[in-house]
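In case you want the letters, here they are:
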Amino acid sequence: MPVIGVLLLLTFLFLCHSSVDAEILHQQMKKTFIVHMDKSSVPESFDDHLQWYDSSLKSVSQTANKLYTYDNVVHGYSARLTVEEARLLEGKPGVLLVQEDKKYEVHTTRSPEFLGILNNQESFPDSGTSSDVIIGVLDTGVWPESSSFDDKEVGPLPPGWKGACEASKTFSSSSCNRKLIGARFFSQGYEAAYGPVDETTESRSPRDDDGHGTHTSTTAAGSTVVGASLFGYAAGTARGMAKHARVAAYKVCWLGGCLSSDILMAMEKAIEDGVHILSLSLGGSLNDYFQDPVAIGAFAATSKGILVSCSAGNGGPSRGSLSNVAPWITTVGAGTMDRQFPSYITLGNGKKITGESLYSGKALTGSLIPLVYAGNISKASNGNLCMKGGLIPEKAKGKIVVCDRGQNPRAQKGLAVKEAGGVGMILANTDTFGEELVADAHFIPTAAVGQGPGEEIKKYTFSDPNPSAMVESGRTQLGVQPSPVVAAFSSRGPNLITPDILKPDLIAPGVNILAGWTGKVGPTGLPEDSRHVNFNIVSGTSMSCPHISGLAALVKAAHPEWSPAAIRSALMTTAYSTYKNGERIKDIATGKPSTPFDYGAGHVDPISALDPGLVYDTTTNNYIDFLCAIGYSSSMIKLIAKQEHQCKTGVKYSVADLNYPSFAVPFETASGPRGGSSAPTVVKYTRTLTNVGGPSTYKVSVSQETNSAKIQVQPSVLSFSTPNEQKTYTVTFAATSMPSGTSSFAHLEWSDGKHTVGSPIVFSWT
Ligand SMILES: *[C@@H]1O[C@H](CO)[C@@H](O)[C@H](O)[C@H]1NC(C)=O
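- As annotated in an unreviewed UniProt entry, the protein chain carries the name Subtilisin-like protease SBT1.7 and comes from Salvia splendens.
- Turning to the protein chain, the UniProt annotation filed under Sequence similarities (unreviewed entry) states: "Belongs to the peptidase S8 family."
- Per UniProt, the comment on the protein chain under Subcellular location (unreviewed entry) is "Secreted".

### Quick look at the overall build of the protein chain
At step 1: Along its length, the protein chain carries 17 helices and 39 strands.
At step 2: Taking 2.2 N^0.38 as the reference for a compact globule, 766 residues should give roughly 27 Å; the C-alpha atoms of the protein chain span a radius of gyration of 28 Å, in line with that estimate.

### A short note on the environment of Gly-375
At step 1: Mapped onto the secondary structure, Gly-375 falls in the loop between strand 20 (369–373) and helix 9 (393–396).
At step 2: For Gly-375, a relative accessible area of 36% puts it in the partly exposed group.
At step 3: Put simply, Gly-375 and Cys-403 are 28 residues apart on the chain and 7.8 Å apart in space, counted from C-alpha to C-alpha.
At step 4: Leave out the neighbours within four places in its chain, and Gly-375 touches Gly-383 and Asn-384.

### Observations regarding the state of the cysteines
At step 1: Scanning all chains against the criterion turns up four disulfides.
At step 2: Each disulfide in the protein chain links cysteines that, numbered along the sequence, combine into the pattern 1-2, 3-4, 5-6, 7-8.
At step 3: Looking at Cys-310, it has no disulfide partner, and the nearest cysteine sulfur is the one in Cys-545, 6.1 Å off.

### A short note on the sheet that holds strand 38 (residues 743–751)
At step 1: Strand order in the open sheet formed by five strands is 32-39-38-34-36, with mixed pairing between adjacent strands. What marks the edges here is a single partner per strand, and that holds for strand 32 (663–667) and strand 36 (717–720). Within the sheet, the average angular offset between the axes of one strand and its neighbour, ignoring direction, is 20 degrees.
At step 2: Relative to strand 36, strand 34 (residues 696–704) is paired through four bridges, and the arrangement is antiparallel. In the strand pairing of strand 36, Ser-696 is matched with Phe-720.

### Some thoughts on the sheet that holds strand 33 (residues 681–691)
At step 1: The sheet built from four strands is open, its strands ordered 31-33-37-35 with antiparallel pairing. Edge positions in the sheet fall to strand 31 (614–615) and strand 35 (709–714), since each has one partner strand and no second.
At step 2: Relative to strand 33, strand 31 runs antiparallel, the two sharing two bridges. Considered in strand 33, the bridge of Val-615 is made with Thr-690.

### Some thoughts on the packing of aromatic side chains
At step 1: Using the criterion set out here, one finds 25 aromatic pairs in the structure.
At step 2: Seen from their ring centres, Phe-299 and Trp-328 are 4.9 Å apart, and the 85 degrees between their planes marks the pair as edge-to-face. Linking Phe-299 in helix 8 (residues 293–303) with Trp-328 in the loop between strand 15 (307–311) and strand 16 (330–335), this pair joins segments that are 29 residues apart in sequence.
At step 3: What makes Phe-299 buried here is its relative accessible area of 2%.
At step 4: Through pairs of rings, three or more aromatic residues link up here, namely Phe-663, Phe-667, Tyr-685, Phe-733, Phe-763 and Trp-765.
At step 5: Across the ring face of Trp-143, the terminal group of Arg-207 is positioned such that the distance to the ring centre comes to 4.5 Å.

### Remarks on the environment of Tyr-53
At step 1: Residue placement: Tyr-53 occurs in helix 3 (residues 49–58).
At step 2: Owing to a relative accessible area of 0%, Tyr-53 belongs among the buried residues under this scheme.
At step 3: Taking the C-alpha atoms as reference points, Tyr-53 and Tyr-77, 24 residues apart in sequence, are found 7.7 Å from one another.
At step 4: Not counting the four nearest positions on each side in its chain, Tyr-53 is found in contact with Met-37, Lys-39, Lys-66, Thr-69, His-75, Gly-76 and Tyr-77.

### Focus on the environment of Glu-435
At step 1: Here Glu-435 shows up in the loop between strand 22 (424–428) and strand 23 (446–449).
At step 2: According to the relative accessible area criterion, Glu-435 is partly exposed, its value standing at 37%.
At step 3: For the pair Glu-435 and Ala-589, spaced 154 residues apart in the sequence, the C-alpha separation amounts to 6.7 Å.
At step 4: Excluding its chain neighbours within four sequence positions, the residues that come into contact with Glu-435 are Asn-429, Gly-450, Gln-451, Gly-452, Pro-453 and Ile-588.
At step 5: A polar side-chain atom of Glu-435 sits 2.9 Å from the main-chain amide nitrogen of Gly-452.

### Quick look at the pattern of salt bridges
At step 1: For the structure shown, the criterion picks out 32 salt bridges.
At step 2: Of the charged contacts in the structure, one is a salt bridge between Glu-191 and Arg-204, with a shortest N-O distance of 2.9 Å. Here Glu-191, found in helix 5 (residues 188–194), pairs with Arg-204, found in the loop between helix 5 and helix 6 (212–221); they are 13 residues apart in sequence, far enough to count as distant.
At step 3: On the basis of relative accessible area, Glu-191 is assigned to the buried category, the value being 15%.

### Some words on the packing of helix 12 (residues 541–558) against helix 13 (residues 564–573)
At step 1: Direction vectors running N to C along helix 12 and helix 13 enclose 110 degrees, while the axes themselves pass 10 Å from each other. Classified by the angle between their axes, helix 12 and helix 13 sit roughly perpendicular to one another. When you trace helix 12 past helix 13, the crossing you get is right-handed. Here Ile-548, Leu-551, Ala-552, Val-555 and Lys-556 of helix 12 lie close against helix 13, whose contacting residues are Ile-567, Ala-570 and Leu-571.
At step 2: Taken together, the residues of the contact of helix 12 with helix 13 break down into seven nonpolar, no polar and one charged.

### Examining the UniProt feature "domain: PA" (unreviewed entry) in the protein chain
At step 1: In the numbering adopted here, UniProt assigns the feature "domain: PA" (unreviewed entry) to residues 370–457.
At step 2: Here residues 370–457 runs as 24% helix and 20% strand, with 13 Å between its end C-alpha atoms.

### Description of the confidence of the model for the protein chain
At step 1: Scored by pLDDT, the protein chain comes out at a mean of 91, with 92% of its residues at no less than 70.
At step 2: This model gives residues 672–677 a pLDDT under 50, and the stretch forms two contacts once residues within four places in sequence are excluded.

### Quick look at unusual backbone geometry
At step 1: A cis amide bond, omega 0 degrees, links Gln-481 with the succeeding residue Pro-482.
At step 2: With omega at 0 degrees, the peptide bond leading from Gly-493 into Pro-494 counts as cis.
At step 3: The topology assignment puts Pro-494 in the loop between strand 26 (485–486) and strand 27 (506–509).
At step 4: Of note, the phi angle at Asn-724 is positive, near 65 degrees, even though the residue is not glycine.
At step 5: In this fold, Asn-724 is placed in the loop between strand 36 and strand 37 (726–735).

### What to know about the side chain of Asp-262
At step 1: On the secondary structure map, Asp-262 appears in helix 7 (residues 260–273).
At step 2: Here Asp-262 sits buried without a salt bridge, and the closest side chain of opposite charge, Arg-204, lies 9.3 Å off (N-O distance).
At step 3: Not counting residues up to four positions away in its chain, the partners in contact with Asp-262 are Tyr-68, Phe-186, Ser-187, Gln-188, Gly-189, Tyr-190 and Val-252.

### Quick notes on the packing of helix 7 against helix 8
At step 1: At their nearest, the axes of helix 7 and helix 8 sit 10 Å apart, and the two run at 5 degrees to each other. The pairing of helix 7 with helix 8 is recorded here as roughly parallel in orientation. Together, Ser-260, Ile-263, Leu-264, Met-267 and Ile-271 of helix 7 and Pro-293, Val-294, Gly-297, Ala-298, Ala-300 and Ala-301 of helix 8 make up the contact between the two elements.
At step 2: Class assignment for the residues of the contact of helix 7 with helix 8 results in nine nonpolar, two polar and no charged.

Reading guide: rules and limits
Residues numbered from 1 in each chain as written. Predicted model: local features only at pLDDT ≥ 70, side-chain atom pairs only at ≥ 80, totals over all residues. Heavy atoms only, no water. UniProt positions renumbered as here; feature names shortened; annotations may be inferred. Helix = DSSP H or I, 4+ residues; strand = E, 2+ residues; numbered from the N terminus. Rg over C-alpha atoms; globule rule 2.2 N^0.38 Å. Buried < 20%, exposed > 50% of the residue type's maximum accessible area, 1.4 Å probe, protein only. Contact = heavy atoms within 4.5 Å. Disulfide = S-S within 2.5 Å. Pairing = 2+ DSSP bridges. Axes fitted to C-alpha atoms, helices over the stretch in contact; angles between N-to-C directions. Phe/Tyr/Trp six-rings, centres within 6.5 Å; stacked < 30°, edge-to-face > 60°. Lys NZ or Arg CZ within 6 Å of the ring centre and 35° of its normal. Polar contact = N/O pair within 3.5 Å; in protein donor to acceptor, adjacent residues only side chain to side chain. Salt bridge = Lys/Arg side-chain N within 4 Å of Asp/Glu carboxyl O. Parallel < 35°, antiparallel > 145°, perpendicular 65-115°, else oblique. Left-handed = near helix turned anticlockwise from the far one by under 90°. Nonpolar A, V, L, I, M, F, W, Y, C, P; charged D, E, K, R; others polar. pLDDT = per-residue confidence, 0-100. Lys, Arg positive; Asp, Glu negative; His and termini not counted.

Structure follows, in structure tokens:
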């Protein structure tokens, strides 16, 4: 009894003082911080920088231990500290920045969709050296048993490979082979934040419990697999973009997310291991470059000749929704391909509508089945969404239920219908999704339809006294036009960090992509999904990014000496932004032509990228000049470049001079008494082209849809006679004043009759 009394008293006290206690608890709570040090200023009293790092840490906390020490991507370490300790540490000599660990997420629209990576780009040359290119994939790990990791097609391990295959209970060291040449996992940041990995649900190893990492890595460099499909959909021969390249998996994303402390360590290791390309289908909140761990890590990688390809994000179609926008990163948006998975609806009034689905089970029998709208047969106010347990079984039994898209996973809506006794589903887009169709591996016969057809079906359901319908699966359809179209979810420009650098850089297939999958979860990823598939069809800029990573590997194989900037330039200047009929690539979110804010330089054209004629090359020093141009202090530059650099006082640095393969030109809207009638604003951009073809003469041409700006290129002819010869030109943009928020677009092209070196131009008035 007395014991209970004490307990009650404690509870009572705790309740009385909970807010104070919470504050104290908060102050004492340790979090992970990344500590950036000025390595160049190690005091002489220390034997080495590591000892110095330790001493700085010990000066604020006797008990803190380092999680990781970074040498390449960051000079510094990560450690668990209280907010107070972190603040103290930031004031110590030689400490540049103490930054709280950040959470990143993978960039897939979280439930599968469709279309294949397979046969669209069949004619890549398979150069012998492509076998030596190593793609490091930072993701959820890999399912090494996937047939896409078969190593029959590749030779011995590439020379210089220093990576490892980290074995554990759930990952054998023999899981790696000549295709999957490395596999590591980074969990210290994750475990410090969330506690030890629960090995009953998640593998504390490079094993992929999610599917995402297996999908992205096999998209980039999976081996040829004949007869791949998801339940017969998208059937054909599956292969990664660079089927001879090698994969090194770095597991940084766990079921609860990906932490920047782990990501940085993985980038550090990948650089040491000797990868040539880094593929990151993940992102976090948008930050200034010196506070953006991925941008910081990518700088180190880029300056060592490693191309870093990142997903642009799935924040579209909202403007300014991009992540991973640093100019040394290749930022990849997503488009569709020419493949669909139709599902046919027949309404009781005879009307036929085509939707999409990847349902593969038993078909519905009979001709017409009673049809209801979920909003009319639910217990809750959001019943139209078909939440689990939300439908009234007596009213759903034996019927096809119309559910609205949004909130819960799409395939889970079908489960809710099934659990209520419904037999089929029509999944209707609301205005957020427009006409973007997403096909999932549903549990019951389903057709996903756009907003327009969805409204029509609902109208019929409400007006007919006995509404009925039929839903039937179709077969994979090829040759769908127009294609590509920009995916609604693909994140859009402008670049909110540096508006004068256009992002995304380009788009690649990211809708309904077929690639390898984990054996751990079914194709929908839902806990109820006990199906096992070797391949799955999913969507997201997560899927487009590894396409570019793989294609960059092919360009690298053909031109081993090219810098990351040269490879990106080749991919960008040969990309296309119009269909064969000359119309601009459409945006599925609006049905209208899209703009460079949506697709950057355009959609990748791998074959042309192998022979671009000219490239815009960029060095580490050019990027540092860029950092000077955006006004970074020398300590901000040190955080990114890990080197001492004073921007020269007499030099006028300009973002316009970064040798980028695209042009983004922000203008200020004239304001003041005379409003928009001021003289044109004139800006000058400088670019240097490097000849990577034979002797040739290029002529410039500029096309423009409106006359909001005058564009003048000097000189207008460039002749190259030797390989690697460089020629510089300037572009003068003279803009008339336009209302704030206006944008207009143009295209600049150098051509020698054989090669076309194109660049998008974007004007925006702010
Ligand atoms: C079903 O729901 C719609 C939309 O909420 C409404 O307009 C309609 O009257 C409802 N029908 C019935 C029979 O309740």
